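The lines below spell out each chain.
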Amino acid sequence: MFIFKFLRRVISTILLIVIVTALWVIGKTWYAAHNETIRKADAIVVMGAAQLDGTPGQVLEARLQETLRIFQKDFAPKIITLGSGAPGDRFTEAGSGKSWLIKKGVKSSAIVAIPKGRDSYSSIEALAKNIDTSRYRNIIIVTDPYHCLRSITMANDQGFVASCSPAKNGIASLESAGFRYLLRESGAYLAYVILGRHGIHISDHVA
């Protein structure tokens, strides 16, 4: 009888911890998405998303539109686009993003394309390895609202001081993204933290 009660308490405690942790992570992800805290920085970093033969997909275009908006407001003098291409692609996400920005009037010299990374972690890792982190330490990440927390965390782990300016429109915006996206990103953030800062690569490139 004592063992049964003890086991029930242990199970109840574990379930409570799981529920509280899940709610805390969901709340933290939601808060990061709804509370923009961007400031002047050294560079704006555009997280990659799907492109089609050199044309940004809906998600990437929404991120590029937000990038252009804050660049024109002089939040940073440099833009860095991230993302490789899928196997067989002729173009990369980083290259497609740079081309889009140039067509919108941004000078090529103001943009650095790093065509590496097929997920958030490998993209941020490529960023850290391919730029002068002492020169571009303070960054503004542009991505989907619910992706902000995980992106900021990964960037900070790589030695950056990051803030996030979420895309304001598109299928991944706060108006369009459903609760499923919030749960997905909350789970991805928790998995990243639990499985180790350098031990998880979650594929998250969307159209």
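Use the structure listed above.
For clarity, every value in this text was computed on a predicted model and none was experimentally measured.

J.: Explain the pattern of salt bridges residue by residue, including any values.
T.: A full pass over the atoms with the stated rule returns eight salt bridges. In this structure, the salt-bridge partner of R69 is E66, at a minimum N-O distance of 2.8 Å. With a gap of three residues between them, R69 and E66 both fall in helix α2 (residues 58–72), about one helical turn apart. Here R69 falls in the partly exposed class, since its relative accessible area comes to 32%. Linked through salt bridges whose partners overlap, the residues forming this network are E66, R69 and K168.

J.: Tell me what's going on with the packing of α2 against helix α3 (residues 93–103), and back it up with residues and numbers.
T.: It is the contact of α2 with α3, at a shortest axis distance of 10 Å, that shows an interaxial angle of 50 degrees. It follows that α2 is oblique to α3 by the angle criterion. Note on packing geometry: the crossing formed by α2 with α3 is right-handed. Two secondary-structure elements touch here, α2 through L60, E61, L64, Q65, T67 and L68 and α3 through E93, G97, W100 and L101.

J.: Just give me the short version of a nonpolar patch on the surface, but keep the residues and values in it.
T.: Judged by side-chain polarity, I11, L15, I19 and L23 come together as a nonpolar surface patch covering roughly 410 Å² of accessible area. Its location among the elements puts I19 in helix α1 (residues 2–34).

J.: Please set out the packing of aromatic side chains residue by residue, giving values where relevant.
T.: A complete count under the given rule lists two aromatic pairs for this structure. Between the aromatic rings of Y121 and Y192, the centroid separation amounts to 6.3 Å while the plane-to-plane angle is 45 degrees, which identifies the pairing as tilted. Residue Y121 is located in helix α4 (residues 120–130), and its partner Y192 is located in helix α6 (residues 179–195); the two are separated by 71 residues in the primary sequence. For Y121, a relative accessible area of 3% corresponds to the buried category. For the ring pair Y146 and Y181, a centre distance of 6.1 Å and an interplane angle of 80 degrees mean the geometry is edge-to-face. Of the two residues, Y146 sits in the loop between β6 (138–142) and α5 (148–157) while Y181 sits in helix α6, which places them 35 residues apart along the sequence. No difference in accessibility class separates Y146 from Y181, as the two residues are buried.

J.: Describe in detail the state of the cysteines, supporting the description with residues and values.
T.: Summed over all chains, the structure comprises one disulfide. Here C148 pairs with C164 through a disulfide, and the sulfurs are 2.1 Å apart. Judged by the torsion about the S-S bond (-60 degrees), the C148/C164 disulfide is left-handed. Taken as a pair, C148 in helix α5 and C164 in strand β7 (residues 161–164) lie far apart in primary sequence, 16 residues in all. The two residues C148 and C164 agree in class, both being buried.

J.: Residue-level account of the environment of L101, with values.
T.: The residue L101 is located in helix α3 in this model. Exposure remark for L101: the relative accessible area of 0% places this residue in the buried category. On a C-alpha basis, the gap between L101 and I79 in space is 9.4 Å, while along the polypeptide they are 22 residues apart. Each residue touching L101, except ones within four places of it in the same chain, is listed here: L64, T67, L68, I79, T81, V106 and I111.

J.: I'd like a description of the sheet that holds strand β4 (residues 79–82), backed by residues and values.
T.: Read from one edge to the other, the open sheet built from five strands follows the order β5-β4-β1-β6-β7, with strand pairing classed as parallel. On the outer flanks of this sheet lie β5 (111–114) and β7, each paired with one strand and no other. The sheet shows a mean angle of 25 degrees between the axes of neighbouring strands, taken without regard to direction. Examined bridge by bridge, strand β1 (residues 43–46) and β6 share four bridges and lie parallel to one another. Pairing of V45 across the sheet is with I141, part of β6. Those strands touched by α5 are β6 and β7, and its axis lies near 170 degrees from that of β7.

Rules used throughout
Residues numbered from 1 in each chain as written. Predicted model: local features only at pLDDT ≥ 70, side-chain atom pairs only at ≥ 80, totals over all residues. Heavy atoms only, no water. Salt bridge = Lys/Arg side-chain N within 4 Å of Asp/Glu carboxyl O. Helix = DSSP H or I, 4+ residues; strand = E, 2+ residues; numbered from the N terminus. Buried < 20%, exposed > 50% of the residue type's maximum accessible area, 1.4 Å probe, protein only. Axes fitted to C-alpha atoms, helices over the stretch in contact; angles between N-to-C directions. Parallel < 35°, antiparallel > 145°, perpendicular 65-115°, else oblique. Left-handed = near helix turned anticlockwise from the far one by under 90°. Contact = heavy atoms within 4.5 Å. Patch = residues over 30% accessible without salt bridge, like charges linked within 9 Å, V, L, I, M, F, W, Y side chains within 5 Å. Areas by Shrake-Rupley, 256 points an atom, 1.4 Å probe, with all protein chains shown as cover. Phe/Tyr/Trp six-rings, centres within 6.5 Å; stacked < 30°, edge-to-face > 60°. Disulfide = S-S within 2.5 Å. Pairing = 2+ DSSP bridges.

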